[in-house]
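Residue-level structure breakdown
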Amino acid sequence: METVQLQKIAQTVRQHIIRQTYNAGSGHPGGSLSAADLLTALYFCEMNIDPANPGMKGRDRFVLSKGHAAPALYACLAERGFFPVEDLVTLRKMGSKLQGHPSMILLPGVEMSTGSLGQGISAATGMALAGKLDGDPGRVYALLGDGELQEGMVWEAAMAAGHYKLDNLCAIVDHNGLQIDGRNEDVMNVMPIAEKFAVFGWNVLEIDGHDFEQILDAFDMAKKCKGMPTMIVAETVKGKGVSFMENQVGWHGKAPNEEQAKQAMEELGGEL
Amino acid sequence: MAEKIATRASYGKALVELGAENPNIVVLDADLSGSTQTKKFADVYPDRFFNAGIAEANMMGMAAGLAVSGKTVFASSFAMFASGRPYEIIRNSIAYTNANVKICASHAGLTVGEDGASHQCLEDLALMRAIPGMTVLNPADDVSARALIKAAAAYKGPVYVRLGRAAVPVVYEEGTQFEIGKALRVREGKDACIIATGIMIDKAVQAADLLAAEGIEVRILDMHTIKPLDKAEVIAASKECGCIVTAEEHSVIGGLGSAVAEAVCEEAPCKVARIGVKDIFGQSGKPDELLKAYGLAAEDIAAAVKSLKCK
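Because the structure is a prediction, the values reported are computed rather than measured.

The next point concerns the overall build of chain B. In terms of regular secondary structure, chain B is built from 13 helices and 14 strands. What you see for chain B is a C-alpha radius of gyration of 18 Å, in line with the 19 Å of a compact globule of 311 residues. Along the three orthogonal principal directions, the C-alpha set of chain B runs to about 60 × 40 × 35 Å. Within chain B, buried positions represent 63% of all 311 residues. Here chain B displays about 11,100 Å² of accessible surface, and carbon together with sulfur accounts for 53% of that area.

So, about the packing of helix H5 (residues 152–163) of chain A against helix H4 (residues 56–68) of chain B. Helix packing geometry: the angle between the two helix axes and the distance between the axes. Interhelical geometry of H5 of chain A versus H4 of chain B gives an angle of 65 degrees and a closest axis separation of 8 Å. Looking at the two axes, H5 of chain A sits roughly perpendicular to H4 of chain B. Between H5 of chain A and H4 of chain B lies a crossing whose hand is right-handed. Between H5 of chain A and H4 of chain B, the contacting residues are Met153, Glu156, Ala157 and Ala160 of chain A on the first element and Glu56, Ala57, Asn58, Gly61 and Met62 of chain B on the second. Partitioning the contact of H5 of chain A with H4 of chain B into residue classes produces five nonpolar, two polar and two charged.

Attention now goes to the side chain of Gln20 of chain A. Mapped onto the elements, Gln20 of chain A comes out in helix H1 (residues 3–24). For Gln20 of chain A, the residues in contact, after removing those within four places along its chain, are Pro71, Tyr74, Ala75, Leu88 and Leu91 of chain A.

Let's shift gears to the sheet that holds strand E3 (residues 49–51) of chain B. Residues and elements named next belong to chain B. Strand order across the open sheet formed by seven strands is E3-E2-E4-E5-E7-E6-E12, with mixed pairing between neighbours. Taken across any chain shown, the strands that pair with only one partner, and hence form the sheet edges, are E3 and strand E12 (225–227). Averaged over neighbouring strand pairs, the angle between their axes works out to 20 degrees when direction is ignored. The sheet contact formed by strand E6 (residues 135–137) and E12 spans two bridges and is antiparallel. Looking at E12, one finds that Leu137 is bridged to Thr225. Contacts between H4 and the sheet are confined to strand E2 (25–29), strand E4 (72–78) and strand E5 (101–106), with E4 contributing the most and set at about 170 degrees to the helix.

Rules behind the numbers
Residues numbered from 1 in each chain as written. Chains lettered and ligands numbered in written order. Predicted model: local features only at pLDDT ≥ 70, side-chain atom pairs only at ≥ 80, totals over all residues. Heavy atoms only, no water. Helix = DSSP H or I, 4+ residues; strand = E, 2+ residues; numbered from the N terminus. Rg over C-alpha atoms; globule rule 2.2 N^0.38 Å. Buried < 20%, exposed > 50% of the residue type's maximum accessible area, 1.4 Å probe, protein only. Areas by Shrake-Rupley, 256 points an atom, 1.4 Å probe, with all protein chains shown as cover. Axes fitted to C-alpha atoms, helices over the stretch in contact; angles between N-to-C directions. Parallel < 35°, antiparallel > 145°, perpendicular 65-115°, else oblique. Left-handed = near helix turned anticlockwise from the far one by under 90°. Contact = heavy atoms within 4.5 Å. Nonpolar A, V, L, I, M, F, W, Y, C, P; charged D, E, K, R; others polar. Pairing = 2+ DSSP bridges.

Structure (structure tokens):
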């Protein structure tokens, strides 16, 4: 797929993120917007998946370890045809399959229930182990937040994935530099990220997380790397695409009001 | 004198048999495979055994990932580190996803012995029982442990199995049938009912012998399944025996005693006394010394039955 087309889809995904969080009156727009390009690349180019058969044998799997970016995941799943786009506005509402954080039991296409940070990468490691056992051609992808790296469990999983040489596992850090209480470096420094994963036995790539050519190249390089898992450290902008949300800590877990949502949609070339 | 076998040894034996029957079974451990006895499986099926190292949170997370990929996963450590430390991972990654993971936790309770309070998990039944969809098993001896491990393997969904370190008497005939959720009547009697679980079954039988010598005939129920609780048998015990003494090698808070008291209060009130550890930590010592010191001996159960003055 052409970069231009991917950019267009990512813009639609961003519009859905604003619409969903506005309608829900809560949610996490900042970290969803920063991950939108990475998820678009995975769901519309990289992964071998079939919306008509979510449990397809040999498929690639994606785990949203930073489960609070659920609006971005739901937007991709809906646009990819896993469920009707109209359902997106049910996010966070009673009885919806679109829970505040993803549930694999309720929503086909979600490979792992997440939301509690640190657990997704660990489950993805287990999935990759199962893939190795079965000789399954499918690859396992996981997206982590940078603040999430403060969870000790991430490093337990990183150690295990390196130890078991899980080259069918490709993780990505959405490195937007911000978390609920402020900047990573003020709350709890996570740097240097690349060096940490390297010494845990990972193949580490550093890219611009909003540049589709770099994203897709990194996925290719990950596939070619044998004998170790790959970590892609993607430099991103929290709130990317909406001027007043970009690089603002306050937009981590707050929904836009009507006026803000309208302005955001205008910037994203859509309507509320 | 009955033969003595630790339920963790029964687990190791059952795992090897299950490994032969079901190629889909994988086993995880956290650097305690010799103690939990998963090493027996690892020796025969090295390709299906994964050591997580001393990292129980990630062990449970990997177990969830393996299970949602179609594996039947057994994950083991000491009860303290298999229930308490990774509690939230068990809740969110295993139970919330209804993952087919069997958490087989050895070295539970006071009878860990000399390792002391840090390793004597007395809260695991309470923790696991509170999680929606979690089945909680606590076998009494070698025969029931092997049977219940196999029943857990055949059951689809998350199961917690509590196992012990110390060798305990074999109380059941080989071939005795055990069904998840169905209490077993070990002895009949109408003067009182002792509902016991795990290694306290043996103590309950001793207590019943002491009481029989005084003309008190008690029923004994083996509540090997703490959740789902066999309420029908609890209610029958209340109505037919008039009073109940529970016995568990666990805190009196949240485990068998609580589960029985809840069921009795709601559906068939009767006097209930709870034998268990009274909301305190354990300490180093020999298993039987500890059971006596903490009020978990056969004599304590017998005294509790008499204190209720049912008859």
